[in-house]
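# Descriptive structure summary
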Amino acid sequence: MEEPIVVTGMGAVSPLGVGVPATWRRLIAGESGIRRNDRFDTDGWKCRIAGLVPGRDEPDGFDPEAAMDPRELRRSDLFIHYAMAAALEALDQAGWHPETEAEQMRTATVIATGVGGVPAITAASETVRGGGVRRLSPFVVPSFLPNLATGQVAIRFGFHGPSGTPVTACAASAQAIGDALRLIRSGEADIALCGGSEGCVDPVAIGGFTAAKALSFGFNDEPWRASRPFDADHDGFVLSEGAAALVIERLSHAKARGATPLAIVSGYGTTTDAHHVTAGWPDGREAARAMRLALGMAGLEAGAIGYINAHATSTPVGDAAELAALTAVFGPGGDGVPVGSTKSATGHMLGAAGAIEAVFSILALRDQTLPPSLNIEQPMPGAESFNLIGAAARPAVIDHVLSNAFGFGGVNAALVFSRYA
């Protein structure tokens, strides 16, 4: 029997706030992190909202200088700043600050992103057009490369073990956790920092997703109502930013150093639709297979799951496909298993979504509380028979949680987290 892999640290930077306690407190209270997008001038734009990380002058806001020194901040893009802050919190909670070479060589770093440093690329393009190529900084490329969140974190803490950066769209950070799990199971590492980061609320991303008809724009005057997974009035997702990180390790490793296990990463499954660039199979066949693989690794039947943190982004096509996949795995109406989508409060953090939702799944197990799903006022066709969590948190007795993440390109990933007793 495989030795359990446990979570011993978590970190979060989200539209709800900076830090796991602040993010969870606001989520459970039914608050939303979605607001008018003031990152750039959106007058005249179809989509004028986003899930923005609060600034340093706001409650529970992000102070970049608490994560990195000013010189490094200038040399790196926002997704790296968020990743560093989440990593610091997770490592501090885990109490993992290795100083010996042996410990450092056995520490893996796997931080995903969906798109990397798009704002830095956009700014560099404008520099070239306005002043010529000689105006570019030598730090431009390291500022936007997707693997530089992983690289910067590894450099900061001296982690010499395996590293990686899944760039698999919205499934990326779920795959980062799965990749880290595999590295530990294979014996290549004893412990891993894993998760995802995104900082792409910029004109190119907003404009591009708008052109793809993926974003919500029907609730610009009421941003908190815009992300409405499984609701009949959903009209697209809300682009959001942030980061989340987990420290995971073998149970024996955690016990040997006196760390406190928070939950078990008990299952992981991933598949590819090979169907369409932006849409999965309407019947959810490969998403369902990813869930079954995760359940199989965990050694669980579907009936053991007490809560499903759905990928559900608030797009009509995606939400319908996920309901079909859940029906295939759990039976009609999901056999009554509570289903929710925390994206209703955070918006869609793209490559960081799977990691922040992993954090929420673990906290649900810890507190025996199911977080709210906002804005489900009239369930979409096909959702009426599901046990959808509404706008208020629910107490529940749960031992196992399933968390889904699906991405453009047909990537499907599912994680199972189990209560540590």
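In what follows, the structure referred to is the one given above.
Let me begin by describing the structure that accompanies this report. (Residues numbered from 1 in each chain as written. Predicted model: local features only at pLDDT ≥ 70, side-chain atom pairs only at ≥ 80, totals over all residues. Heavy atoms only, no water.)

### Some thoughts on the overall build of the chain
Heads up, the rule is: Where helices and strands are cited, they refer to DSSP runs of H or I of at least four residues and of E of at least two residues respectively, numbered from the N terminus. Categorising residues by exposure relies on relative accessible area from a 1.4 Å probe, with only protein chains included: less than 20% of the type maximum marks a residue as buried, more than 50% marks it as exposed, and the intermediate range marks it as partly exposed. Contacts are residue-level and defined by heavy atoms, with any inter-residue pair within 4.5 Å sufficient.
Along its length, the chain carries 14 helices and 16 strands. If you line up the chain on its principal axes, its C-alpha atoms span 60 × 55 × 40 Å. Across the 421 residues in the chain, those meeting the buried criterion constitute 59%. In the chain, the proportion of contacts linking residues at least 24 apart, taken out of those at least 6 apart, comes to 78%.

### Digging into the packing of helix α3 (residues 78–94) against helix α7 (residues 148–157)
For clarity, the cut-off: Between N-to-C directions, angles span 0 to 180 degrees; the directions come from axes that are lines fitted to C-alpha atoms, helices contributing only their stretch in contact. Note on terminology: angles under 35 degrees are roughly parallel, angles over 145 are roughly antiparallel, angles of 65 to 115 are roughly perpendicular, and the others are oblique. Handedness of a helix crossing follows the sense of rotation of the near helix relative to the far helix, less than a right angle counterclockwise being left-handed and clockwise being right-handed. Gly counts as polar in this scheme, as do all residues outside two lists: the nonpolar Ala, Val, Leu, Ile, Met, Phe, Trp, Tyr, Cys and Pro, and the charged Asp, Glu, Lys and Arg.
Two elements in contact, α3 and α7, have axes separated by 9 Å at closest approach and are oriented at 45°. Between α3 and α7, the crossing angle belongs to the class labelled oblique. Where α3 crosses over α7, the two elements pack in a sense that is right-handed. Contact residues: Phe79, Ile80, Ala83, Met84, Ala87, Leu88 and Leu91 in α3; Leu148, Ala149, Gln152, Val153, Arg156 and Phe157 in α7. When grouped by side-chain class, the residues that make up the contact of α3 with α7 number 11 nonpolar, one polar and one charged.

### Some thoughts on the nonpolar core
Definition in use: Only buried residues count toward a nonpolar core, which is a set of Ala, Val, Leu, Ile, Met, Phe, Trp, Tyr and Cys residues joined through side-chain atoms within 4.5 Å.
In this structure, Met10, Leu246, Ile248 and Phe417 are the most contacted members of the largest nonpolar core, which totals 52 residues. At nine residues, the largest contribution of residues to this core is made by helix α14 (residues 353–367). Ignoring sequence-local partners within four residues, the contact set of Met10 consists of Val20, Glu89, Ala90, Gln93, Ala245, Leu246, Leu262, Val359, Ile362 and Leu363. Within the second largest apolar cluster, 31 residues are counted, among which are Leu73, Tyr82, Ala83 and Met84.

### Observations concerning the pattern of salt bridges
Note the following rule: For this document, the term salt bridge refers to a Lys or Arg side-chain nitrogen within 4 Å of an Asp or Glu carboxyl oxygen.
The final tally for this structure, using the stated rule, is 20 salt bridges. Where Arg106 meets Asp190, a salt bridge forms, and the shortest distance between an N and an O atom there is 3.0 Å. Here Asp190 lies in the loop between α8 (172–185) and β7 (191–198) and Arg106 lies in the loop between α4 (101–105) and β5 (107–112), a separation of 84 residues in the sequence. Judged by relative accessible area, Asp190 falls into the buried class, the value being 14%. Arg182 is paired through a salt bridge with Asp179; the nearest N and O atoms lie 4.0 Å apart. In this pair, Arg182 and Asp179 are both assigned in helix α8, three residues apart and thus about one turn of the helix distant. Look at Arg182 and you get partly exposed, because its relative accessible area is 43%. Through salt bridges that share partners, Glu222, Arg225, Arg228, Asp231 and Glu377 make up one connected network.

### Brief notes about α7
Within α7, seven of the 10 residues are buried, which leaves the element mostly enclosed by the surrounding structure. For α7, the set of buried residues is Leu148, Ala149, Thr150, Gln152, Val153, Ala154 and Phe157. The positive-phi residue at the C-terminal boundary of α7 is Gly158, with phi of around 70°.

### Structural notes on the packing of aromatic side chains
Going by this rule: Under the pairing criterion, centres of Phe, Tyr and Trp rings, with the six-membered ring standing for Trp, must be within 6.5 Å; the plane angle then separates stacked pairs below 30 degrees from edge-to-face pairs above 60, leaving the rest tilted. Here, a charge over a ring means that NZ of Lys or CZ of Arg falls within 6 Å of the ring centre while also lying within 35 degrees of the ring normal.
Counted by the stated rule, this structure contains six aromatic pairs. For the pair Phe157 and Phe159, a centre-to-centre distance of 5.6 Å together with 20° between the ring planes defines the contact as stacked. Residues Phe157 and Phe159 agree in their burial class; the two are buried. Taken together, Phe209, Phe237 and Phe408 form an aromatic cluster joined through their ring pairs. Taking NZ or CZ as reference, Arg285 lies 3.7 Å from the ring centre of Trp281, over its face.

### Here's the deal with the environment of Phe330
Along the chain, Phe330 falls in helix α12 (residues 316–330). For the pair Phe330 and Ile305, spaced 25 residues apart in the sequence, the C-alpha separation amounts to 9.4 Å.

### Things to note about a nonpolar patch on the surface
Rule in force here: Like-charged residues within 9 Å of one another, or nonpolar side chains (Val, Leu, Ile, Met, Phe, Trp, Tyr) within 5 Å, are grouped into patches, provided each residue has over 30% relative accessible area and no salt bridge. Each accessible area is a Shrake-Rupley estimate made with a 1.4 Å probe; only the visible protein chains count as cover when residues are assessed.
The grouping of Val128, Val133 and Leu136 at the surface amounts to a nonpolar patch, some 230 Å² of accessible area in total. If you trace the backbone, Val133 turns up in the loop between α5 (118–131) and α6 (140–144). Take Val133: its relative accessible area is 58%, and that puts it in the exposed class.

### Quick look at the pairing of strand β16 (residues 411–418)
Where we set the bar: Pairs of strands are assigned from DSSP output, requiring at least two bridges between the strands.
In terms of burial, β16 is largely enclosed, as eight of its eight residues are buried. Burial along β16 is two-sided: Val411, Ala413, Leu415 and Phe417 facing one way and Asn412, Ala414, Val416 and Ser418 facing the other are all buried. Pairing of strand β9 (residues 263–272) with β16 involves eight bridges; the strand directions are antiparallel. Considered in β16, the bridge of Thr270 is made with Ala413. Here eight bridges tie strand β15 (residues 400–407) to β16, and the two strands are oriented antiparallel to one another. Residue pairing across strands places His400 opposite Ser418, the latter belonging to β16. Taking the residues that link successive antiparallel strands as the turn, the β15-β16 hairpin has three residues, and the phi of Gly409 there is positive, at about 90°.

### Remarks on the packing of helix α11 (residues 285–298) against α12
As a packed pair, α11 and α12 sit with axes 8 Å apart at the nearest point and diverge in direction by 45°. Here α12 runs oblique to α11, going by the angle between their axes. Regarding α11 and α12, the two cross each other, and that crossing is right-handed. On α12, the residues that touch Ala287, Ala288, Met291, Arg292 and Leu295 of α11 are Ala325, Leu326, Ala328, Val329 and Phe330. Classifying every residue of the contact of α11 with α12 by side-chain character gives nine nonpolar, no polar and one charged.

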